[in-house]
Amino acid sequence: MSGGSSNVSQNPVVYIGRCLALFPQPMRAHFCCSAAVAGRSIMWAPAVLLLLATLEKPILSLHPPWTTIFKGERVTLRCDGYHPLLLELRPISTLWYLGHLLLPSHKKSIEVQTPGVYRCQTRGAPVSDPIHLSVSNDWLILQVPFAAVFEGEPLVLRCRGWYDKVVYKLYYYHDGQPVRYFHSSANYTVPQARASDSGPYQCSGTMRIPVESTPMFSAKVAVTVQELFQTPVLRVTGQTEARGAALGGVMLRCETLLHPQKRDTPLQFAFYKYSRSVRRFDWGAEYTVPEPEVGELESYWCEAATATRSVRKRSPWLQLSGRGSPLDLASTTAPVPQAAALAPASKPLSFRKPPVSRSVPSVTSVPNTTSAGLQFPAGRAPTTGPPACAPLTPLEQTDAALKPDVDLLLREMQLLKGLLSQVVLELKEPQAFPEHRETLETSSSHFAVSRGTPETTTVES
């Protein structure tokens, strides 16, 4: 005790801050302040009081709990906060706001009948959450609770006649469609609200004033069902240590986030491999994939739920890469195995190892080869067996088409060369080669006929 008293005297703010984290509301404020007093730290009372007051904002409530009332009715607003009563030097005053207007009252609760947005504040604490109050002059009103409705909680709606007159042939509507009928006045209750229950609501009915009236409709009221926790996401957090040369298992974690007002709600988690459960609901949010299953390339998903299973949400598929892809444990941005997330409603892909193909590999044809696969030089193919043909390329087709013309041109050039040589010799010595005249004339005739018709072989002189 002496050690604790000296710590309080030296740093009471740190001491009380730690003390507040150990004890629940509202007893923690009284206990911690008593410890501070026992530690003779009264001189720190203003600082301690300010610390305690700023930790939590007050809670504003409405009695009765309906946000819509008839004109002339009054309701009570109450501002509740946690105060260290043992250290109060003077009573804690409460500030009331209607919109941005400061009301004159400083009491803990007030009665109001004016429509608007109300808030309250205690000394040193932040402003509370608002309450919207509506005042109606209609014959029929639809009343909804002031407090936020979360998934899994009951949603209660009340259709009320003018100053509690009985409503007959009562209908409740959601998004313009009738959802419930009552013979006379009754509340409409959704036992476990869902996000799909959000939207505009309305009611209709008749009243005897003094005879039964025609159907009357209330004004539409928007209702929003708050999300208790976000859709979970299955993530890879690490790899377990392997024994020997074997590959270790993979650690998975089912992550979600609760609403700030419901952060104390306990959740349970379950894990699945395709449609088979590998771990039933438990308080732990982690699961280790055993070593043999890592190489099977299967898909996993998880489910988060409240303890009563009133709210259940499933994660998208997580597909793990197998032994073919190395695990990069040093990476901080990408998950340890390569993973792909699919929509929960879509069919998961199969990542099993493909069967080994036992078919005969296909053979690609090669030019100048036989069916046995032996290669031979061009123009020297074997005599037995048909050669394996390959389609000619455009360049090869062009060469084949031009080859006859080139051969003819070469023969004509050689013939022309011989004729020119004979002409030159005859011009130099015309008497020396009389026997070549006939040959020259015959060659000239042959040249002329060959040039016009290459396939003709007979020449008439």
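Let me sum up the structure you'll find in this document. (Residues numbered from 1 in each chain as written. Predicted model: local features only at pLDDT ≥ 70, side-chain atom pairs only at ≥ 80, totals over all residues. Heavy atoms only, no water.)

**Digging into the layout of surface pockets**
Where empty space is left in the structure can be found by rolling a water-sized probe over the atoms. Approximately 1,300 Å³ is the volume found for the largest pocket. Every residue lining the largest pocket is counted, 36 residues in all, and those nearest its centre are Ile 59, Asp 129, Ala 148, Phe 150 and Gln 261. Take the lining of the largest pocket: its biggest share by element is 3 residues, from strand β8 (residues 131-136). Residue classes in the lining of the largest pocket are distributed as 17 nonpolar, 11 polar and 8 charged. (1 Å grid on protein atoms, 1.4 Å probe; cavity = no way out; pocket = protein on both sides within 12 Å on 5 of 7 lines; lining within 4 Å. Points joined across faces, edges and corners; volume = space filled by probe spheres on them. Helix = DSSP H or I, 4+ residues; strand = E, 2+ residues; numbered from the N terminus. Nonpolar A, V, L, I, M, F, W, Y, C, P; charged D, E, K, R; others polar.)

**Section: the sheet that holds strand β19 (residues 233-239)**
Pairing is antiparallel across the open sheet formed by 3 strands, whose spatial order is β19-β20-β23. Whereas interior strands pair on both sides, the edge strands pair on one side only; in this sheet they are β19 and β23 (286-289). Taken pair by pair, the neighbouring strands of this sheet meet at an average axis angle of 30°, ignoring direction. Pairing between strand β20 (residues 250-255) and β23: 4 bridges, direction antiparallel. Across the sheet, the residue bridging to Arg 253 is Glu 286, located in β23. (Pairing = 2+ DSSP bridges. Axes fitted to C-alpha atoms, helices over the stretch in contact; angles between N-to-C directions.)

**Some words on the pairing of strand β13 (residues 177-182)**
Here strand β12 (residues 168-174) runs beside β13; their pairing, made up of 5 bridges, is antiparallel. Directly across from Tyr 171, in β13, lies its bridge partner Tyr 181. Linking two consecutive strands that pair antiparallel, namely β12 and β13, is a turn of 2 residues; a positive phi of about 55° is found at Asp 175 within it.

**Things to note about the nonpolar core**
Core analysis: the biggest nonpolar cluster contains 21 residues, and Leu 142, Leu 155, Leu 157, Leu 170, Tyr 172, Tyr 201 and Cys 203 have the highest contact counts within it. Top element by residues in this core is strand β11 (residues 155-161). It accounts for 3 residues. In this view, Leu 157 contacts Leu 142, Gln 143, Val 144, Tyr 172, Asn 187, Tyr 188, Tyr 201 and Val 223; residues no more than four positions away in its chain are not counted. Counting residues in each nonpolar core, the second largest holds 19 residues, with Val 236, Ala 285, Tyr 300 and Val 311 among its members. (Core = buried A, V, L, I, M, F, W, Y, C linked by side-chain atoms within 4.5 Å. Buried < 20%, exposed > 50% of the residue type's maximum accessible area, 1.4 Å probe, protein only. Contact = heavy atoms within 4.5 Å.)

**Side note on the sheet that holds strand β14 (residues 187-190)**
An order of β9-β11-β14 is seen for the 3 strands of this open sheet, with the pairing classed as antiparallel. Of all the strands in the sheet, just β9 (140-143) and β14 have a single pairing partner and so form its edges. Across the sheet, the axes of successive neighbouring strands diverge by a mean angle of 15°, strand direction being ignored. Here β11 pairs with β14 via 4 bridges, running antiparallel. Each bridged residue has a counterpart across the sheet, and for Arg 158 the counterpart in β14 is Asn 187.

**Remarks on the state of the cysteines**
Going through the model one piece at a time under the given rule, you end up with 3 disulfides. Residue Cys 159 pairs covalently with Cys 203 via a disulfide, S to S 2.1 Å. Judged by the torsion about the S-S bond (70°), the Cys 159/Cys 203 disulfide is right-handed. In this pair, Cys 159 is assigned in strand β11 and Cys 203 in strand β15 (residues 199-206), connecting sequence segments 44 residues apart. For the residue pair Cys 159 and Cys 203, the accessibility class agrees, reading buried in each case. (Disulfide = S-S within 2.5 Å.)

**Comments concerning the environment of Arg 263**
Of note, Arg 263 is situated in the loop between β20 and β21 (267-273). With relative accessibility at 62%, the residue Arg 263 sits in the exposed group. Taking the C-alpha atoms as reference points, Arg 263 and Leu 228, 35 residues apart in sequence, are found 9.0 Å from one another. A distance of 2.7 Å separates the side chain of Arg 263 from the backbone oxygen of Pro 260, its partner in a polar contact. (Polar contact = N/O pair within 3.5 Å; in protein donor to acceptor, adjacent residues only side chain to side chain.)

**Some details on the pairing of β20**
Because side chains alternate across β20, one face comprises the buried residues Val 250, Leu 252 and Cys 254, and the other comprises Met 251, Arg 253 and Glu 255, none of which is buried. Where β19 meets β20, 6 bridges bridge the pair, whose relative direction is antiparallel. Of the residues in β20, the one forming a bridge with Arg 235 is Arg 253.

**Description of a nonpolar patch on the surface**
Where nonpolar side chains cluster on the molecular surface, the patch consists of Val 406, Leu 409, Leu 410 and Met 413 and spans about 380 Å² of accessible area. Here Met 413 is to be found in helix α6 (residues 394-428). (Patch = residues over 30% accessible without salt bridge, like charges linked within 9 Å, V, L, I, M, F, W, Y side chains within 5 Å. Areas by Shrake-Rupley, 256 points an atom, 1.4 Å probe, with all protein chains shown as cover. Salt bridge = Lys/Arg side-chain N within 4 Å of Asp/Glu carboxyl O.)

**Overview of the packing of aromatic side chains**
All told, the structure shown has 13 aromatic pairs when counted by the stated rule. Taking 6.0 Å as the distance between ring centres and 90° as the angle between the ring planes, the aromatic pair formed by Tyr 172 and Phe 182 counts as edge-to-face. Taken together, the residues Tyr 172 in strand β12 and Phe 182 in strand β13 connect sequence positions 10 residues apart. Side by side, Tyr 172 and Phe 182 carry an identical accessibility label, which is buried. Ring pairs connect the aromatic residues Phe 70, Trp 139, Trp 162 and Tyr 163, which therefore count as one cluster. The ring of Phe 281 has Arg 309 lying over it, and the distance from NZ or CZ to the ring centre is 4.2 Å. (Phe/Tyr/Trp six-rings, centres within 6.5 Å; stacked < 30°, edge-to-face > 60°. Lys NZ or Arg CZ within 6 Å of the ring centre and 35° of its normal.)

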